[in-house]
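Residue-level structural notes
In case you want the letters, here they are:
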Amino acid sequence: QVQLVESGGGLVQAGDSLRLSCAASGRSVSSINTMGWFRQAPGKEREFVAGVTWITGTTELADSVKGRFTISRDRAKNTLLLQMNSLKPDDTAVYYCAAAPTFMATISSRAMLYWGKGTLVTVSS
């Protein structure tokens, strides 16, 4: 089993920055090969934001956040980070951390096995 705990959400103004963290723990944490961030806005479906292949550090970003968000990981601390700059009101959502033991050519929420409870990001205009 793997437990994921997100932190770092909050209320900010448009143009501000936030950094989200996801701490992974549990006896199966060494089995993780893919981690990612997903978000769900009110009334909308959950969508992919960013992901990383744990061993290689290869990253993938949604088109909507390219140039503004950066995903990274600290392997020693089993922590996933999401640096969010130039935030927009459209970025308002609950952000979820997810992980899976499988390698993914394209990161998909359907393939994620473990999920955190989410952290709320609200961007005011």
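Report on the accompanying structure. (Residues numbered from 1 in each chain as written. Predicted model: local features only at pLDDT ≥ 70, side-chain atom pairs only at ≥ 80, totals over all residues. Heavy atoms only, no water.)

What follows deals with the sheet that holds strand β3 (residues 18–25). The 4 strands lie next to each other as β1-β3-β8-β7, forming an open sheet whose pairing is antiparallel. The strands lining the two open edges of the sheet, one partner per strand, are β1 (3–7) and β7 (69–74). Strand-to-strand twist of the sheet, defined as the mean angle between neighbouring strand axes without regard to direction, takes the value 15°. As defined by bridge partners, β7 adjoins strand β8 (residues 79–84) across 6 bridges and the pair is classed as antiparallel. (Pairing = 2+ DSSP bridges. Helix = DSSP H or I, 4+ residues; strand = E, 2+ residues; numbered from the N terminus. Axes fitted to C-alpha atoms, helices over the stretch in contact; angles between N-to-C directions.)

Moving on to the packing of aromatic side chains. On inspection of all chains with the given rule, the structure shows 3 aromatic pairs. Centre to centre, the rings of Phe38 and Trp115 are 5.1 Å apart; their planes meet at 55°, and the pair counts as tilted. Residue Phe38 is found in strand β4 (residues 34–40), and its partner Trp115 is found in strand β10 (residues 114–115); the two are separated by 77 residues along the sequence. When the ring of Tyr96 is compared with that of Trp115, the centres are 6.5 Å apart and the planes differ by 75°; the resulting orientation is edge-to-face. Of the two residues, Tyr96 is situated in strand β9 (residues 93–100) and Trp115 in strand β10; the sequence distance between them amounts to 19 residues. Exposure remark for Trp115: the relative accessible area of 29% places this residue in the partly exposed category. In this structure an aromatic cluster arises from ring pairing among Phe38, Phe48, Tyr96 and Trp115. A cation over an aromatic ring shows up here: Arg46 above the ring of Tyr96, its NZ or CZ 4.0 Å from the ring centre. Across from the ring centre of Trp115, 4.5 Å away, lies the NZ or CZ of Arg46, which sits over that ring. (Phe/Tyr/Trp six-rings, centres within 6.5 Å; stacked < 30°, edge-to-face > 60°. Buried < 20%, exposed > 50% of the residue type's maximum accessible area, 1.4 Å probe, protein only. Lys NZ or Arg CZ within 6 Å of the ring centre and 35° of its normal.)

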